[in-house]
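Listed below, chain by chain, are the residues.
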Amino acid sequence: MSLPPAFTIAPMRADEVPILEEWAAQEGWNPGLADLAIAHAVDPDAFIALRQGGELVGGGTIFSYSAGFGFMGLFIIRADLRGGGLGAQLWHHRLNLLRRRLVPGASIGMDGVFAMAPFYEKGGFRLAHRDLRFEGVAHGVTDPAIQAYPEISFAEIETYDHRFFPVSRAAFLLRWLEQPGAHVRGLRQGDSVVGYGVARPCRSGFKLGPVFADNPASAERLIGSLLAAIPGEKVALDIPEPNGAGLELAAKFGLTQSFGCARMYHGPAPDLPLDGIFGVTSFEFG
Ligand SMILES: CC(C)(COP(=O)(O)OP(=O)(O)OC[C@H]1O[C@@H](n2cnc3c(N)ncnc32)[C@H](O)[C@@H]1OP(=O)(O)O)[C@@H](O)C(=O)NCCC(=O)NCCS
């Protein structure tokens, strides 16, 4: 199948990225204020445009983490053009492009809406688990043992992060930790980091992500400290469903399930310690 006349797929221009961001907000995905700018700064080639004539009518990202792991997100067709096959064309084009951008055999992840999972399965993705979004109002407690970045250094966080993410992602992480308005907290036991988490401002309120910890007790202290930094704000936290202790923690902090995604992989699912993932970084970039 080929695109109808006047439609083209090409790299997205920087001035088109805010349009994609606006569409994402309209879908209710509540993007972090800096999410797309960070992704664009780290991997500008991740942004793919569908245009009609010269006008952006659809898009999506195909993020490459140093060619070792890919992530597909922000798949949107302008509302008035949906249901006519454009999305399928854009999606397969993006998948083929991303596969060419990665080393042979590298896996690709995505968090897709449940209704679309059969379509992604036809494209070669397999369901790994569900990632569930919990939302509520931030009420936390400060904890004197919790330290803020950069008291916990970038090198420590970066090393720790890699235990919970398929590849090392220094360029992305540095910008993520240092984005305006973010709160970054970490916990040490002796000389070792045993957890860290980030709260970042979004269109509405804040999202926590990532929140990685050695055990539920450390995660509770981290989440409590992050929530204490943003009292009364609307907050969201996305937890892999297999992490039962994480789901219990969300309830303990008064957060209730509002949404969810199917975490799917093309290629082997990375062997990640899901019981230490108390918040995924984002549904858009992994
Ligand atoms: C998802 C989206 C990009 C698809 O674009 P589109 O042009 O409507 O898609 P197509 O007409 O090419 O259909 C592609 C496939 O998606 C399926 N699909 C589209 N919308 C769907 C929906 N709401 N629920 C279930 N399946 C859907 C179609 O059935 C088709 O699958 P098939 O080939 O197995 O029949 C578009 O509907 C959109 O922007 N939706 C809002 C944002 C969104 O939900 N994005 C996906 C996040 S994972």
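Residues numbered from 1 in each chain as written. Predicted model: local features only at pLDDT ≥ 70, side-chain atom pairs only at ≥ 80, totals over all residues. Heavy atoms only, no water.

Going by what an unreviewed UniProt entry lists, the protein chain is known as GNAT family N-acetyltransferase and is assigned to Magnetospirillum sulfuroxidans.

Right, let's get into the domain arrangement of the protein chain. Its domain assignment divides the protein chain into domain 1 (7-112) and domain 2 (132-279). Spacing between the C-alpha centres of domain 1 and domain 2 amounts to 25 Å. Contact residues are listed per partner, giving 28 residues for domain 1 and 27 residues for domain 2. Of the roughly 2300 Å² buried where domain 1 meets domain 2, counting both sides, 58% is carbon and sulfur surface. In terms of surface lost to domain 2, no three residues of domain 1 exceed N30, I38 and Y65, which account for 24% of the buried area on that side. Counting across the interface, domain 1 meets domain 2 through three salt bridges. Between the two partners, domain 1 and domain 2, sit 13 residue pairs in polar contact (both at pLDDT 80 or more). Mapped by element, the contributors of at least two residues to the side of domain 1 that touches domain 2 are α1 (17-26), α2 (35-42), β3 (55-65), β4 (69-77), α3 (86-101) and β5 (108-112). For the side of domain 1 that touches domain 2, a count of residues per class yields 16 nonpolar, seven polar and five charged. (Domains from an automatic or database assignment. Contact = heavy atoms within 4.5 Å. Buried area = accessible area lost by both parts, 1.4 Å probe. Salt bridge = Lys/Arg side-chain N within 4 Å of Asp/Glu carboxyl O. Polar contact = N/O pair within 3.5 Å; in protein donor to acceptor, adjacent residues only side chain to side chain. Helix = DSSP H or I, 4+ residues; strand = E, 2+ residues; numbered from the N terminus. Nonpolar A, V, L, I, M, F, W, Y, C, P; charged D, E, K, R; others polar.)

A word on the site of the ligand. Taken together, 19 residues lie near the ligand, and F75, G83, G87, A88 and K122 sit nearest. Measuring from a nitrogen atom of the ligand, one finds a backbone N or O atom of F75 at 2.8 Å. Note that an oxygen atom of the ligand is positioned 2.9 Å from one of the backbone N or O atoms of I77. Relative to its unbound accessible area of 900 Å², the ligand is 69% covered by the protein chains. Secondary-structure elements contributing two or more residues to the shell around the ligand are β4, α3 and α4 (117-122). Class assignment for the residues of the shell around the ligand results in 11 nonpolar, five polar and three charged. (Near = heavy atom within 4 Å. Areas by Shrake-Rupley, 256 points an atom, 1.4 Å probe, with all protein chains shown as cover.)

Bringing the pattern of salt bridges into the picture now. Applying the stated criterion across every chain yields a total of 19 salt bridges. Between D238 and R133 there is a salt bridge; the shortest N-O distance is 2.7 Å. A residue pair is termed long-range when its members are at least 10 positions apart, and D238 in strand β11 (residues 234-240) and R133 in strand β6 (residues 125-137) qualify at 105 residues. In this structure, D238 and R133 share a single accessibility class: buried. What emerges from the salt-bridge pattern is a single network uniting R13, D15, E16 and R51. (Buried < 20%, exposed > 50% of the residue type's maximum accessible area, 1.4 Å probe, protein only.)

So, on to unusual backbone geometry. Between Y149 and the following residue, P150, the backbone shows a cis peptide bond with an omega angle of 10°. If you trace the backbone, P150 turns up in the loop between β7 (147-148) and α5 (154-161). G209 connects to P210 through a cis peptide bond whose omega is 0°. Located in the positive-phi region is N30, a residue other than glycine, with phi close to 50°. Secondary-structure assignment places N30 in the loop between α1 and α2. Of note, S66 is a non-glycine position whose phi angle comes to about 50°, a positive value. With respect to the helices, strands and loops of the structure, S66 is situated in the loop between β3 and β4.

Okay, the state of the cysteines next. Enumeration according to the criterion identifies zero disulfides in this entry. Cysteine C202 shares no disulfide, and the gap to the nearest cysteine sulfur, in C261, comes to 14 Å. In this structure C261 comes out as buried when scored by relative accessible area, which is 3%. (Disulfide = S-S within 2.5 Å.)

Right, let's talk about the UniProt feature "domain: N-acetyltransferase" (unreviewed entry) in the protein chain for a bit. The UniProt record marks residues 7-156 with the feature "domain: N-acetyltransferase" (unreviewed entry), using the residue numbering of this structure. A helix fraction of 29% and a strand fraction of 34% characterise residues 7-156, whose end C-alpha atoms lie 47 Å from each other. (UniProt positions renumbered as here; feature names shortened; annotations may be inferred.)

Once that is clear, we can look at the environment of A117. By the element assignment, A117 lies in helix α4. Its relative accessible area of 14% is what places A117 among the buried residues. As for A117 and C261, which are separated by 144 residues in sequence, their C-alpha atoms are 9.2 Å apart.

Counted according to the given criterion, the structure contains 18 aromatic pairs. Summarising the aromatic geometry, the rings of F164 and F212 are spaced 4.9 Å apart at their centres and angled 20° between planes, so their arrangement reads as stacked. Highlighted residues: F164 in the loop between α5 and α6 (170-177) and F212 in strand β10 (residues 206-213), separated in sequence by 48 residues. Here F164 and F212 have matching classes, each one buried. Positioned above the aromatic ring of F165, the side-chain terminus of R169 is 3.9 Å from the ring centre. (Phe/Tyr/Trp six-rings, centres within 6.5 Å; stacked < 30°, edge-to-face > 60°. Lys NZ or Arg CZ within 6 Å of the ring centre and 35° of its normal.)

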